[in-house]
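# Residue-level structural notes
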Amino acid sequence: MLNMNISNESKNKDAKLAPVKNIYMIVAMTEKTNAIGINGDMLFYLKDDLKYFKETTLNHTIVCGRKTYFSFPRRPLPNRKNIILTRGDGSYEGAYTLHSKEELVDYAINNPNEDIFICGGDNVYKQFMDVASKLYVTIIDEDQAVEADSFFPKFGDDEWQLVFESAYIEPETAPRYKFTVYDRK
């Protein structure tokens, strides 16, 4: 396990935290139901989305839950600081471990020049939705609801402003999808 620079200040865990400038989320989700996965796996193999994820997070920090971390085909993801958010006491070779939202927020505040990407799973997304300042969302076309057991939290234009939207990518073996970026208002 690697050491992290985290202060030991006590925090009120029930207090609502303000958005943190350098905490972002990156996700691929369906358009209508916000589905992100089933049985611990992605819904679709989207080659250009995987490339986009790599290019966007390269040389930055990624944060995910333990189950998401173990779903990666290669661990830790190369050329990124990997942080696993877990309640357990385990350590993971080449990765840092944090145990709470408050620890990660404290880390982000103490490292303001470090871009931190939350990348799943659904419980981790839910925990950090109120503190993320930017969303990188791959939106997958959804004619009808897909079978899924993991979902990204609902969000809307009351709190988020669309600042980028790509043209649709239309693969032969998966639904079409596009890349979007939202800033918190």
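Going by the structure above, here's the rest.
Residues numbered from 1 in each chain as written. Predicted model: local features only at pLDDT ≥ 70, side-chain atom pairs only at ≥ 80, totals over all residues. Heavy atoms only, no water.

## Comments concerning the sheet that holds strand β4 (residues 61-65)
- With mixed pairing, the 8 strands of this open sheet are ordered in space as β6-β5-β4-β7-β1-β8-β11-β10. The outermost strands of the open sheet, each flanked by one partner alone, are β6 (96-98) and β10 (160-165). For this sheet the average axis-to-axis angle between neighbouring strands, irrespective of direction, equals 25°.
- Together, β1 (23-30), β4, β7 (116-118), β8 (134-140) and β11 (177-184) form the strand contacts of helix α1 (residues 47-57), whose direction differs from that of β11 by roughly 35°.
- Contacts from helix α3 (residues 101-110) reach β1, β4, β5 (81-85), β6 and β7 within the one sheet, and its direction differs from that of β7 by about 155°. (Pairing = 2+ DSSP bridges. Helix = DSSP H or I, 4+ residues; strand = E, 2+ residues; numbered from the N terminus. Axes fitted to C-alpha atoms, helices over the stretch in contact; angles between N-to-C directions. Contact = heavy atoms within 4.5 Å.)

## Side note on the sheet that holds strand β9 (residues 150-151)
- The 3 strands lie next to each other as β3-β2-β9, forming an open sheet whose pairing is antiparallel. The open sheet has two edge strands, β3 (41-42) and β9, and neither has a second partner.
- Judged from the 2 bridges that link them, strand β2 (residues 35-38) and β9 form a sheet pairing that is antiparallel. Pairing of A35 across the sheet is with F151, part of β9.

## Thoughts on the pairing of β8
- Burial runs high along β8: 7 of the 7 residues are buried.
- Judged by which residues are buried, β8 turns out to be covered on both faces: K134, Y136, T138 and I140 on one side and L135, V137 and I139 on the other are all buried.
- Bridging between β1 and β8 involves 7 bridges; their strand directions are parallel. Bridge pairing in β8 places M25 opposite L135.
- Here β8 pairs with β11 via 7 bridges, running antiparallel. Within the sheet, the bridge partner assigned to K134 lies in β11 and is D183. (Buried < 20%, exposed > 50% of the residue type's maximum accessible area, 1.4 Å probe, protein only.)

## Details of the side chain of E114
- Within the fold, E114 resides in the loop between α3 and β7.
- Its relative accessible area of 16% is what places E114 among the buried residues.
- Side-chain polar atoms of E114 contact the side chain of T61, separated by 2.4 Å.
- Among residues more than four places away in sequence, those in contact with E114 are N22, T61, K81 and Y107. (Polar contact = N/O pair within 3.5 Å; in protein donor to acceptor, adjacent residues only side chain to side chain.)

## A look at the pairing of β1
- The element β1 is largely enclosed, with a buried count of 7 among its 8 residues.
- Of the strand pairs in this sheet, β1 and β7 are connected by 3 bridges, and their pairing is parallel. By the bridge assignment, Y24 is partnered in β7 with F117.

## Observations concerning the packing of aromatic side chains
- Applying the stated criterion across every chain, the model contains 12 aromatic pairs.
- Ring centres 5.1 Å apart and planes at 80° place the aromatic pair F155 and Y182 in the edge-to-face group. Taken as a pair, F155 in the loop between β9 and β10 and Y182 in strand β11 lie far apart in primary sequence, 27 residues in all.
- Taking relative accessible area as the criterion, F155 reaches 22% and is therefore assigned partly exposed.
- Taken together, the aromatic side chains of Y69, F70, F72 and Y92 make up a single cluster linked through ring pairs.
- The ring centre of Y168 lies 3.6 Å from the NZ or CZ of R176, which sits over that ring. (Phe/Tyr/Trp six-rings, centres within 6.5 Å; stacked < 30°, edge-to-face > 60°. Lys NZ or Arg CZ within 6 Å of the ring centre and 35° of its normal.)

## So, the pattern of salt bridges
- Applying the stated criterion across every chain, the model contains 7 salt bridges.
- A salt bridge links K81 to E114; its shortest N-O distance comes to 3.4 Å. Taken together, the residues K81 in strand β5 and E114 in the loop between α3 and β7 connect sequence positions 33 residues apart.
- For D130, the salt bridge goes to K101, with nearest N and O atoms at 2.6 Å. Separated by 29 residues along the polypeptide, D130 in the loop between α4 (122-128) and β8 and K101 in helix α3 bring together distant segments of the chain.
- Classification of K101 by relative accessible area gives buried; the value is 14%.
- Taken together, the salt bridges that share partners define one network made up of D141, E170 and R176. (Salt bridge = Lys/Arg side-chain N within 4 Å of Asp/Glu carboxyl O.)

Scope: geometric values only; no functional claims are made or implied.
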